[in-house]
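What follows is each chain in one-letter form.
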Amino acid sequence: MSTTVINIEDAVVSYREDIALRGVSFRVESGEFVGIIGPNGAGKTTLLTVVNGLGRLRSGRARVLGNTVGRRNGYSLRKQVGYVAQVESIDPRMPMNVREVVMIGRYGVLGLFRRPGRHDWQIVDEMLELVGMTHLARRPIGHLSGGEQQRVAIARCLAQEPKLFLLDEPTASLDWKAKADILELVRQIHDSRQLTTLFVTHDLSALPLACDRVVLMKQGLISSEGSPGKLLTDENLSQLYDMPVSAVQNRRRGAVPA
Amino acid sequence: MDLSIFSYQFMQNAIISAFLGGIACSTIGVFVVLLHMPFIGVAMSHAAFAGALLGLWLGFNPLLGAFAFSLLAAAVIGPLADRGELSPETSLGVIFSLMLGIAFLFMGLMPGTKSGALEILWGSILTNTRGDIILLAVVAVVVVGLVFIFYKEIQATIFHRDMALSVGLPATLILYGVLFLTGATVTTSLRSIGGLLIFSLILNPAAAAYQLTYSMKRMFLLSAVFGVLSGWIGLLFSYLFDIPSGATIVVTSSVIFMLAAVFSPKRRVKRLKEPSVEEAYD
């Protein structure tokens, strides 16, 4: 029997003048793989920050992994939630190697005053193996390509041994091959480690095909949700991105507009 | 060369002060360099300078004024850096110039000779007392001790603040802690190194270490070694050529930085068939 791991009710979040979420309700069952898609500024990232407790609710309620998310329990919640953001440029001279960066995933779980032991390094090496980065384990982190950095970020996230796996545009700015590889890896990890995964993207081609459910977001609201086959129709996408249906059809088939 | 000078109490005090101040400043420097906020040191040291002058003018302990002002600067810099409302360079630049302005304002308002003020500006490690040394020792032990205890939290925060937050670490608290320690270090080193020059003793050793290693632990160690060497070699030159010690210490640290930059393996353009980075640094 599945249990609800995320239950957000009528969430409103605003940053200064901008309202990022305008009353979003959202449920996720344990083991689901949910794709969240929508244009830039739709509130997708904000929805993820509500889940890991970094976003501040103006009103509404969020229950994640059985706890009501509040200011107090943010730290303990985040230890159980893995978060992979999009590739960011890292100082090429940063004095840390790949293995050390993956170990950061263990730091929250370890807690204050405890140093990583042999068990933690074992987990780190296992995760590096899983994402195919063992050969670069001792390379300075700033020397990696975007695709390699995302693999490291995923390994760091898994080293946390999270219950929830949040990915925020993990393939943005990656080349076509790296994108496909990361999508494949994410799906494999989701299945083999029995995670609950939320995958955010603005790019339809970066949505893993095997999502159990797709959520469409626009202007701080969830406009619709359902199975990918039913939901990702040309008509729905034309509404989501404010484009004529014919343009959507052309783009989805990879045609060059006349 | 007559080195009997080193048997005098005041010189021994100076040597110990340079050791302790060098360690504290250069450890703080690693944060400043890796957080890409070099202006923190400038803004803090000028805030401390302004606070010390307020103390001199109104007749209370200049160190108290310096500490209060650098904490005030930390309280302003922290939220600005944290929320990213302005770029850190911009906000620190504003605070730096404001503090310099306030310092000169206090100096202008001060009656009589300004020798006390100038001493704080230039530093006078040769007149350090036992009390100064104890204070420096306390700060050095606290700084090094906290880095040791919270190494993993500090390392993660330096690497990426948002990532540190997302794995459940108190990254914001760590950032404020670093700012607080910077204020404390600047304040206690103010009399020895001087408000104008302390910034280079914070920045140069760490920037030199940054050129030379891909290991953060080694960077902390190298930075401390360079900081202490800057102090000791600077003292020696100050004595040999009879020039102000603050200046020789800073010039020495700059020379160390330049040497490190010139010989930095991180600058070398990679040729085919060269040992890989991980082989070179393991």
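This section reports on the structure supplied with the text. Note that the coordinates shown come from a computational prediction; the quantities given were computed from them, not determined experimentally.

Time to look at the overall build of chain A. The helix and strand tally for chain A stands at 9 helices and 10 strands. Over its C-alpha trace chain A gives a radius of gyration of 19 Å, about what one expects of a compact globule, namely 18 Å for 258 residues. Taken along the three principal axes of its C-alpha coordinates, chain A extends 55 × 45 × 40 Å. Within chain A, buried positions represent 45% of all 258 residues. Put simply, of all contacts in chain A between residues at least 6 apart along the chain, 67% involve residues at least 24 apart.

Attention now goes to the sheet that holds strand S1 (residues 4–15) of chain A. Sheets are built from strands that pair by backbone hydrogen bonding, the pairs being arranged parallel or antiparallel. Residues and elements named next belong to chain A. Spatially, the 4 strands line up as an open sheet ordered S2-S1-S4-S5, and their pairing is antiparallel. The two strands at the open ends of the sheet, each matched to only one other strand, are strand S2 (18–29) and strand S5 (67–68). Bridging between S1 and S2 involves 9 bridges; their strand directions are antiparallel. The residue of S2 that forms the bridge with Val12 is Arg22.

This part is about the sheet that holds strand S10 (residues 221–226) of chain A. Residues and elements named next belong to chain A. In space, the 6 strands of this open sheet follow the order S6-S7-S8-S3-S9-S10, with mixed pairing throughout. Each edge of the sheet is formed by a strand with only one pairing partner; in this case those strands are strand S6 (81–84) and S10. The average undirected angle you get between the axes of adjacent strands in this sheet is 15°. Pairing analysis gives 5 bridges linking strand S3 (residues 33–37) to strand S8 (residues 196–201), with the strands arranged parallel. Each bridged residue has a counterpart across the sheet, and for Phe33 the counterpart in S8 is Thr197.

With that out of the way, let us pick up the pairing of S3 of chain A. All names here are of chain A. Counted residue by residue, S3 has 5 buried out of 5 residues, so it is predominantly covered. Bridge analysis of S3 against strand S9 (residues 213–218) gives 4 bridges, and the strand direction is parallel. The residue of S9 that forms the bridge with Val34 is Arg213.

Conventions we followed
- Residues numbered from 1 in each chain as written.
- Chains lettered and ligands numbered in written order.
- Predicted model: local features only at pLDDT ≥ 70, side-chain atom pairs only at ≥ 80, totals over all residues.
- Helix = DSSP H or I, 4+ residues; strand = E, 2+ residues; numbered from the N terminus.
- Rg over C-alpha atoms; globule rule 2.2 N^0.38 Å.
- Buried ≥ 20, exposed ≤ 12 C-beta atoms within 10 Å, placed from the backbone.
- Contact = placed C-beta atoms within 7 Å.
- Pairing = 2+ DSSP bridges.
- Axes fitted to C-alpha atoms, helices over the stretch in contact; angles between N-to-C directions.

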